[in-house]
Amino acid sequence: MQLIFATNNQHKLQELRQIAGGGLDIVGLADIGCSQEIPETGTTLRDNALQKARFVHDRYGCACFADDTGLEVDALGGAPGVYSARWAAMELGLDHPDSERNVSLMLERMEGAASRTARFRTAIALITADGAEHVVEGVVEGEIATERHGEGGFGYDPIFVPSGWSKTFAEASAEEKNAVSHRGRATRALADLMRGLGLI
Ligand code: IMP
């Protein structure tokens, strides 16, 4: 079955295809000729995922899903959460989201923090061809490291150590990360949901 993933991020598309395995033919926005910027104005991961999936479903009328991820840091009251991508840009008044500055800012804000517990959370919204809406989630608990480690992955990976691990996501292989990650878990929940709905 073909499913549109409402993303232009090739890295995510690749990761999702790897996690989902062969049962799903996942195509991205570029594959269907959609180059529009999809608004993301919600205040929760769930709202943003639904907003993006509805945008695509409204225009193309076929089954699609969208995701939204945030890093929730307990010592920061759950920030940056839904604003994870643009956190440093918002806090420091930068013009563009900047992954490196996000990591630097996190290390700075967490200096001397009594608790370093955090979690990545991913919400995936699925809208089936008939318009029915579903949302699944995936969470991975962990801690914010005191310095960067590793070259792999992206975003906050160099400073996120999953619970029970002694290395960061950036030091892990794609397979190791996918086995426990927020997106890995949310994607498997999506596959379970689709099996339950008889879609795959
Ligand atoms: P998105 O909703 O997947 O685009 O994620 C929002 C932001 O969360 C990204 O820009 C990254 O900063 C961060 N993020 C999401 N997933 C990951 C991950 O697997 N590792 C590290 N950072 C991530």
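Here, every reference points to the structure presented above.
Please read all numbers here as calculations on a predicted model, not as lab measurements.

Moving on to the overall build of the chain. Within the chain, the regular secondary structure consists of 6 helices and 7 strands. Listed N to C, the secondary structure of the chain is β-α-β-α-β-β-α-α-β-β-β-α-α in terms of helices and strands. On C-alpha atoms alone, the chain measures out to a radius of gyration of 17 Å, which is about the 16 Å that the 2.2 N^0.38 rule sets for 200 residues. If you line up the chain on its principal axes, its C-alpha atoms span 50 × 35 × 25 Å. Across the 200 residues of the chain, 45% fall into the buried class. Accessible area for the chain stands at about 9400 Å²; split by element, carbon and sulfur atoms hold 47% of it.

To continue, consider the pattern of salt bridges. The tally for this structure, following the rule as stated, stands at 15 salt bridges. Put simply, Arg 148 and Glu 100 hold a salt bridge, and the shortest N to O gap is 3.0 Å. Remark: Glu 100 occurs in helix α4 (residues 99-109) and Arg 148 occurs in the loop between β6 (133-144) and β7 (160-162); sequence separation between them is 48 residues. Across the pair Glu 141 and Arg 119 runs a salt bridge whose closest N-O atoms are separated by 3.0 Å. Residue Glu 141 is located in strand β6, and its partner Arg 119 is located in strand β5 (residues 117-127); the two are separated by 22 residues in the primary sequence. Classification of Glu 141 as partly exposed rests on a relative accessible area of 37%.

Reading the values: rules and limits
Residues numbered from 1 in each chain as written. Predicted model: local features only at pLDDT ≥ 70, side-chain atom pairs only at ≥ 80, totals over all residues. Heavy atoms only, no water. Helix = DSSP H or I, 4+ residues; strand = E, 2+ residues; numbered from the N terminus. Rg over C-alpha atoms; globule rule 2.2 N^0.38 Å. Buried < 20%, exposed > 50% of the residue type's maximum accessible area, 1.4 Å probe, protein only. Areas by Shrake-Rupley, 256 points an atom, 1.4 Å probe, with all protein chains shown as cover. Salt bridge = Lys/Arg side-chain N within 4 Å of Asp/Glu carboxyl O.

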